[in-house]
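Chains, contacts and geometry: an overview
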Amino acid sequence: MLDLTGKNALVTGIANNRSIAWGIAQQLHKAGANIGITYLPDEKGRAEKKVADLVESLQPSLFVPCNVQDDAQVDETFAIVKEKWGTLDILIHCLAFANKEDLTGNFVNTSREGFTTALGVSAYSLIRLCAAAKPLMTEGGSIVTLTYIGGARVIPNYNVMGIAKAALEMNVRYLAADLGPHNIRVNAISAGPIRTLASSAVGGILDMIHHVEQVAPLRRTVTQIEVGNAATFLCSDLASGITGQILYVDAGYEVMGMSETKG
Ligand code: 0WE
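Residues numbered from 1 in each chain as written. Predicted model: local features only at pLDDT ≥ 70, side-chain atom pairs only at ≥ 80, totals over all residues. Heavy atoms only, no water.

**A short note on the site of the ligand**
Spelled out, the test is: Any residue with a heavy atom positioned within 4 Å of a molecule or strand is treated as near that molecule or strand. Counted as a polar contact is a pair of N or O atoms within 3.5 Å, where, for protein atoms, one must be capable of donating a hydrogen and the other of accepting one, and residues adjacent in sequence contribute only when both atoms are in side chains. For every accessible area listed, the method is Shrake-Rupley and the probe measures 1.4 Å; residues are considered covered only by the protein chains on display.
Neighbouring the ligand are 14 residues; A98, L103, Y158, A198 and M208 lie closest to it. A98 places a polar main-chain atom, nitrogen or oxygen, 2.7 Å from a nitrogen atom of the ligand. The side chain of Y158 places a nitrogen or oxygen atom 2.6 Å from an oxygen atom of the ligand. Taking 590 Å² as the accessible area of the ligand by itself, protein coverage stands at 87%.

**What about the pairing of strand β3 (residues 62–65)?**
In plain terms, the rule: When accessible area is computed with a 1.4 Å probe and restricted to protein chains, residues below 20% of their type maximum are described as buried, those above 50% as exposed, and intermediate ones as partly exposed. We count a stretch as a helix when DSSP gives it H or I for four or more residues in a row; a strand needs E for two or more, and each element gets its number in order from the N terminus. Any two strands with at least two DSSP bridges between them are considered paired. Note on handedness: a clockwise path from strand one over the helix to strand two, with the strands aimed away from the viewer, defines a right-handed crossover.
Residues L62 and V64 point to one face of β3 and are all buried, whereas F63 and P65, pointing to the other face, are not buried. With four bridges joining them, strand β2 (residues 34–39) and β3 adopt parallel strand pairing. Bridged to T38 within β3 is V64. The parallel pair β2 and β3 is bridged by helix α2 (residues 46–55), and the resulting crossover is right-handed.

**Structural notes on the packing of aromatic side chains**
Applied cut-off: Two aromatic rings from Phe, Tyr or Trp, using only the six-membered ring of Trp, form a pair when their centres are within 6.5 Å; if the ring planes differ by under 30 degrees the pair is stacked, by over 60 it is edge-to-face, and anything between is tilted.
Per the counting criterion, the structure on display carries two aromatic pairs. Note on Y39 and F63: the rings are 4.7 Å apart at their centroids and 20° apart in plane angle, and the pair reads as stacked. Within this pair, whereas Y39 is found in strand β2, its partner F63 is found in strand β3, the two being separated by 24 residues in sequence. Accessibility expressed as a relative area gives 6% for Y39, which makes it buried. Owing to a relative accessible area of 26%, F63 belongs among the partly exposed residues under this scheme. A centroid spacing of 4.9 Å and a plane angle of 65° characterise the contact between Y148 and Y158, whose relative ring orientation is edge-to-face.

**A closer look at the packing of helix α1 (residues 20–30) against helix α8 (residues 224–235)**
Short version of the rule: Between N-to-C directions, angles cover 0 to 180 degrees, with each direction set by a line fitted to C-alpha atoms, over the stretch in contact for helices. Here the word oblique covers every angle except those under 35 degrees (roughly parallel), over 145 (roughly antiparallel) and from 65 to 115 (roughly perpendicular). Here a crossing is taken to be left-handed if its near helix is turned anticlockwise relative to the far helix by less than a right angle, and right-handed if that turn runs clockwise. Any two residues whose heavy atoms approach within 4.5 Å are treated as being in contact. Charged means Asp, Glu, Lys or Arg here, nonpolar means Ala, Val, Leu, Ile, Met, Phe, Trp, Tyr, Cys or Pro, and polar covers whatever is left, Gly included.
At their nearest, the axes of α1 and α8 sit 7 Å apart, and the two run at 55° to each other. It follows from the interaxial angle that α1 and α8 lie oblique. Between α1 and α8 lies a crossing of right-handed hand. On α8, the residues that touch I20, G23, I24, Q26, Q27 and L28 of α1 are Q224, I225, V227, G228, N229, A231, T232 and C235. Here the contact of α1 with α8 is composed, by residue class, of seven nonpolar, seven polar and no charged.

**Some details on the pattern of salt bridges**
To be explicit about the condition: Any Lys or Arg side-chain nitrogen located within 4 Å of an Asp or Glu carboxyl oxygen qualifies as a salt bridge.
Considering all chains together, one arrives at four salt bridges under this definition. A salt bridge links D53 to K49; its shortest N-O distance comes to 2.7 Å. You can see D53 and its partner K49 sitting in helix α2, four residues apart, about one turn around the helix. Judged by its relative accessible area of 43%, D53 is partly exposed. Residue classification places K49 among the exposed residues on the basis of a relative accessible area of 52%. Across the pair R220 and E226 runs a salt bridge, and its minimum N-O distance is 2.8 Å. Looking at R220, the relative accessible area reads 33%, which means it is partly exposed. The network of salt bridges with shared partners includes D71, D75 and R128.

Right, dumping it as C-alpha coordinates:
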(Lines give C-alpha, C1' and ligand atoms only; values in the text may rest on other atoms or scores of the structure.)
Protein backbone atom coordinates (compact mmCIF):
# COMPACT_ATOMS: atom_id res chain seq x y z
CA MET A 1 0.00 0.00 0.00
CA LEU A 2 2.74 2.44 0.92
CA ASP A 3 4.83 2.33 -2.22
CA LEU A 4 6.81 5.24 -3.62
CA THR A 5 8.30 3.30 -6.54
CA GLY A 6 8.74 5.57 -9.55
CA LYS A 7 8.40 8.75 -7.48
CA ASN A 8 11.12 11.39 -7.69
CA ALA A 9 11.95 12.85 -4.27
CA LEU A 10 14.22 15.85 -3.67
CA VAL A 11 15.54 16.06 -0.10
CA THR A 12 17.14 19.23 1.32
CA GLY A 13 18.83 19.72 4.67
CA ILE A 14 21.13 16.73 5.17
CA ALA A 15 24.24 17.88 7.05
CA ASN A 16 25.35 14.62 8.69
CA ASN A 17 24.14 11.23 9.94
CA ARG A 18 22.14 12.85 12.74
CA SER A 19 20.11 15.10 10.43
CA ILE A 20 16.35 14.57 10.49
CA ALA A 21 16.52 14.98 6.69
CA TRP A 22 18.78 11.90 6.63
CA GLY A 23 16.13 9.89 8.50
CA ILE A 24 13.56 11.05 5.95
CA ALA A 25 15.78 10.28 2.94
CA GLN A 26 16.46 6.75 4.22
CA GLN A 27 12.77 5.98 4.70
CA LEU A 28 11.76 7.46 1.32
CA HIS A 29 14.46 5.30 -0.27
CA LYS A 30 13.22 2.25 1.62
CA ALA A 31 9.72 2.91 0.21
CA GLY A 32 11.19 2.82 -3.29
CA ALA A 33 11.51 6.50 -4.16
CA ASN A 34 14.17 7.78 -6.53
CA ILE A 35 16.26 10.14 -4.38
CA GLY A 36 17.86 13.50 -5.15
CA ILE A 37 19.90 15.35 -2.54
CA THR A 38 20.76 19.01 -2.13
CA TYR A 39 23.44 20.15 0.28
CA LEU A 40 24.69 23.49 1.58
CA PRO A 41 28.03 24.09 -0.14
CA ASP A 42 30.97 25.45 1.86
CA GLU A 43 34.21 27.08 0.67
CA LYS A 44 36.42 24.04 1.08
CA GLY A 45 34.01 21.47 -0.38
CA ARG A 46 34.02 19.59 2.93
CA ALA A 47 30.22 19.51 3.20
CA GLU A 48 29.97 18.10 -0.31
CA LYS A 49 32.31 15.19 0.51
CA LYS A 50 30.72 14.50 3.88
CA VAL A 51 27.15 14.42 2.56
CA ALA A 52 28.15 12.54 -0.62
CA ASP A 53 29.79 9.76 1.45
CA LEU A 54 26.77 9.55 3.77
CA VAL A 55 24.12 9.31 1.05
CA GLU A 56 26.03 6.91 -1.21
CA SER A 57 23.97 3.94 0.03
CA LEU A 58 20.78 5.60 -1.28
CA GLN A 59 22.30 5.83 -4.78
CA PRO A 60 20.95 9.34 -5.36
CA SER A 61 20.38 10.14 -9.03
CA LEU A 62 20.85 13.83 -8.27
CA PHE A 63 23.35 15.53 -5.95
CA VAL A 64 23.40 19.32 -6.20
CA PRO A 65 24.60 22.29 -4.13
CA CYS A 66 21.77 24.60 -3.05
CA ASN A 67 22.06 27.56 -0.72
CA VAL A 68 18.50 28.91 -0.46
CA GLN A 69 19.84 32.39 0.27
CA ASP A 70 21.00 32.48 -3.37
CA ASP A 71 18.16 32.60 -5.94
CA ALA A 72 20.53 31.52 -8.73
CA GLN A 73 21.36 28.28 -6.87
CA VAL A 74 17.67 27.53 -6.35
CA ASP A 75 16.94 28.12 -10.05
CA GLU A 76 19.91 25.96 -11.06
CA THR A 77 18.80 23.14 -8.72
CA PHE A 78 15.36 22.92 -10.32
CA ALA A 79 16.79 23.33 -13.83
CA ILE A 80 18.83 20.19 -13.07
CA VAL A 81 15.75 18.40 -11.68
CA LYS A 82 13.87 19.26 -14.88
CA GLU A 83 16.73 18.14 -17.11
CA LYS A 84 17.49 14.87 -15.28
CA TRP A 85 14.03 13.83 -14.04
CA GLY A 86 11.52 15.84 -16.07
CA THR A 87 8.99 15.77 -13.24
CA LEU A 88 9.11 16.01 -9.45
CA ASP A 89 6.76 14.22 -7.03
CA ILE A 90 8.15 14.88 -3.56
CA LEU A 91 9.97 17.84 -2.01
CA ILE A 92 11.39 17.69 1.52
CA HIS A 93 12.30 21.04 3.14
CA CYS A 94 14.50 20.66 6.25
CA LEU A 95 16.19 24.04 6.39
CA ALA A 96 16.52 26.57 9.19
CA PHE A 97 19.03 29.10 10.38
CA ALA A 98 19.18 31.87 12.96
CA ASN A 99 22.26 33.68 14.19
CA LYS A 100 23.52 32.01 17.34
CA GLU A 101 23.22 35.23 19.38
CA ASP A 102 19.48 35.27 18.55
CA LEU A 103 18.95 31.80 20.11
CA THR A 104 19.77 32.83 23.64
CA GLY A 105 19.04 35.62 26.09
CA ASN A 106 16.35 38.25 25.85
CA PHE A 107 14.05 37.93 22.83
CA VAL A 108 13.36 41.66 22.99
CA ASN A 109 16.93 42.29 21.84
CA THR A 110 16.47 40.47 18.51
CA SER A 111 18.05 42.60 15.76
CA ARG A 112 16.35 43.53 12.50
CA GLU A 113 19.11 41.73 10.58
CA GLY A 114 18.80 38.62 12.77
CA PHE A 115 15.03 38.57 12.30
CA THR A 116 15.38 38.92 8.51
CA THR A 117 18.00 36.16 8.34
CA ALA A 118 15.97 33.69 10.41
CA LEU A 119 12.71 34.33 8.56
CA GLY A 120 14.41 34.35 5.16
CA VAL A 121 16.29 31.07 5.50
CA SER A 122 13.75 29.21 7.62
CA ALA A 123 10.37 30.39 6.27
CA TYR A 124 10.66 32.29 2.97
CA SER A 125 12.78 29.47 1.51
CA LEU A 126 9.74 27.15 1.56
CA ILE A 127 7.77 29.57 -0.64
CA ARG A 128 10.69 29.87 -3.05
CA LEU A 129 11.23 26.09 -3.30
CA CYS A 130 7.48 25.52 -3.79
CA ALA A 131 7.39 28.10 -6.60
CA ALA A 132 10.29 26.34 -8.31
CA ALA A 133 8.81 22.88 -7.74
CA LYS A 134 5.26 23.72 -8.90
CA PRO A 135 5.87 23.59 -12.69
CA LEU A 136 7.68 20.24 -12.28
CA MET A 137 4.90 18.64 -10.19
CA THR A 138 2.74 18.02 -13.25
CA GLU A 139 1.19 14.85 -11.83
CA GLY A 140 0.55 16.38 -8.42
CA GLY A 141 2.98 16.24 -5.55
CA SER A 142 3.69 16.22 -1.86
CA ILE A 143 5.79 18.80 -0.03
CA VAL A 144 6.84 18.27 3.59
CA THR A 145 8.66 20.70 5.87
CA LEU A 146 9.89 20.45 9.46
CA THR A 147 8.67 22.65 12.27
CA TYR A 148 8.89 22.72 16.07
CA ILE A 149 6.46 23.41 18.92
CA GLY A 150 8.46 26.60 19.58
CA GLY A 151 6.56 28.07 16.62
CA ALA A 152 3.25 27.62 18.44
CA ARG A 153 4.23 28.13 22.10
CA VAL A 154 7.06 29.87 23.92
CA ILE A 155 10.10 27.62 24.41
CA PRO A 156 13.01 29.21 26.32
CA ASN A 157 15.80 30.46 24.01
CA TYR A 158 14.07 29.35 20.80
CA ASN A 159 13.30 33.06 20.40
CA VAL A 160 13.44 34.30 16.78
CA MET A 161 13.27 30.71 15.47
CA GLY A 162 9.82 30.51 17.10
CA ILE A 163 8.67 33.43 14.98
CA ALA A 164 10.26 31.83 11.90
CA LYS A 165 8.44 28.54 12.59
CA ALA A 166 5.13 30.37 13.15
CA ALA A 167 5.64 31.98 9.72
CA LEU A 168 6.61 28.60 8.25
CA GLU A 169 3.46 26.94 9.63
CA MET A 170 1.29 29.69 8.15
CA ASN A 171 3.20 29.31 4.87
CA VAL A 172 2.14 25.65 4.90
CA ARG A 173 -1.53 26.65 5.10
CA TYR A 174 -1.38 29.36 2.40
CA LEU A 175 0.72 27.15 0.12
CA ALA A 176 -1.71 24.25 0.64
CA ALA A 177 -4.60 26.50 -0.43
CA ASP A 178 -2.65 27.86 -3.40
CA LEU A 179 -1.25 24.57 -4.71
CA GLY A 180 -4.17 22.30 -3.79
CA PRO A 181 -5.96 22.84 -7.15
CA HIS A 182 -2.81 21.41 -8.81
CA ASN A 183 -3.07 18.34 -6.55
CA ILE A 184 0.07 19.41 -4.71
CA ARG A 185 -0.19 18.81 -0.96
CA VAL A 186 1.84 20.78 1.59
CA ASN A 187 2.24 19.61 5.19
CA ALA A 188 4.62 20.06 8.11
CA ILE A 189 5.91 17.63 10.71
CA SER A 190 6.45 19.13 14.15
CA ALA A 191 9.22 16.93 15.51
CA GLY A 192 10.07 16.67 19.19
CA PRO A 193 13.62 17.64 20.20
CA ILE A 194 16.33 15.35 18.80
CA ARG A 195 20.12 15.62 19.16
CA THR A 196 21.32 16.88 15.78
CA LEU A 197 24.05 19.22 14.55
CA ALA A 198 21.60 22.15 14.75
CA SER A 199 20.16 21.35 18.17
CA SER A 200 23.50 20.41 19.76
CA ALA A 201 24.80 23.88 18.90
CA VAL A 202 22.31 25.40 21.34
CA GLY A 203 22.79 25.26 25.10
CA GLY A 204 20.45 23.12 27.19
CA ILE A 205 19.26 20.69 24.52
CA LEU A 206 20.09 17.69 26.76
CA ASP A 207 17.98 19.19 29.57
CA MET A 208 15.10 19.63 27.11
CA ILE A 209 15.43 16.01 25.97
CA HIS A 210 15.49 14.89 29.60
CA HIS A 211 12.31 16.93 30.25
CA VAL A 212 10.53 15.28 27.30
CA GLU A 213 11.58 11.85 28.60
CA GLN A 214 9.90 12.71 31.92
CA VAL A 215 6.59 14.15 30.68
CA ALA A 216 5.81 13.00 27.12
CA PRO A 217 3.07 10.34 27.05
CA LEU A 218 5.51 7.83 25.52
CA ARG A 219 8.19 8.83 28.12
CA ARG A 220 10.88 9.14 25.46
CA THR A 221 11.99 11.32 22.57
CA VAL A 222 11.48 10.45 18.92
CA THR A 223 14.07 9.31 16.39
CA GLN A 224 14.98 10.63 12.97
CA ILE A 225 13.60 7.37 11.53
CA GLU A 226 10.20 7.94 13.18
CA VAL A 227 10.07 11.41 11.62
CA GLY A 228 11.14 9.78 8.34
CA ASN A 229 8.29 7.29 8.56
CA ALA A 230 5.73 10.07 9.12
CA ALA A 231 7.17 12.03 6.19
CA THR A 232 7.00 8.93 3.99
CA PHE A 233 3.35 8.49 4.95
CA LEU A 234 2.58 12.13 4.12
CA CYS A 235 4.28 11.68 0.72
CA SER A 236 2.36 8.50 -0.06
CA ASP A 237 -1.12 7.97 -1.51
CA LEU A 238 -2.20 6.92 1.99
CA ALA A 239 -2.19 10.64 2.82
CA SER A 240 -3.94 11.75 -0.39
CA GLY A 241 -6.62 13.61 1.59
CA ILE A 242 -4.23 15.47 3.90
CA THR A 243 -2.91 18.97 3.17
CA GLY A 244 -2.17 22.13 5.13
CA GLN A 245 -1.61 20.18 8.33
CA ILE A 246 0.96 20.24 11.12
CA LEU A 247 1.53 16.64 12.23
CA TYR A 248 3.16 16.33 15.66
CA VAL A 249 5.73 13.53 15.81
CA ASP A 250 6.81 14.18 19.37
CA ALA A 251 5.95 11.13 21.52
CA GLY A 252 2.73 12.96 22.45
CA TYR A 253 4.42 15.88 24.23
CA GLU A 254 2.17 18.50 22.58
CA VAL A 255 -1.04 17.30 24.25
CA MET A 256 0.26 17.80 27.78
CA GLY A 257 -0.67 20.74 30.00
CA MET A 258 0.85 21.10 33.48
CA SER A 259 3.83 19.43 31.86
CA GLU A 260 5.98 19.97 34.96
CA THR A 261 3.99 17.05 36.38
CA LYS A 262 3.69 13.55 34.97
CA GLY A 263 -0.11 13.36 34.98
O1 0WE B 1 14.82 24.42 14.85
C2 0WE B 1 15.69 23.98 15.57
C3 0WE B 1 17.14 24.43 15.42
C4 0WE B 1 17.29 25.59 14.53
C5 0WE B 1 18.62 26.31 14.55
C6 0WE B 1 19.73 25.92 15.28
C7 0WE B 1 20.90 26.67 15.20
C8 0WE B 1 22.13 26.35 16.00
C9 0WE B 1 23.40 26.92 15.41
C10 0WE B 1 18.71 27.43 13.77
N11 0WE B 1 19.83 28.17 13.67
C12 0WE B 1 20.92 27.81 14.36
N13 0WE B 1 22.02 28.60 14.26
C14 0WE B 1 23.23 28.26 14.78
O15 0WE B 1 24.21 29.03 14.70
N16 0WE B 1 15.35 23.08 16.56
C17 0WE B 1 13.98 22.70 16.73
C18 0WE B 1 16.33 22.55 17.50
C19 0WE B 1 16.34 23.44 18.68
O20 0WE B 1 16.98 24.64 18.63
C21 0WE B 1 16.75 25.27 19.83
C22 0WE B 1 15.96 24.46 20.64
C23 0WE B 1 15.68 23.29 19.90
C24 0WE B 1 14.86 22.13 20.33
C25 0WE B 1 17.17 26.53 20.27
C26 0WE B 1 16.80 26.95 21.53
C27 0WE B 1 16.01 26.16 22.34
C28 0WE B 1 15.58 24.91 21.90
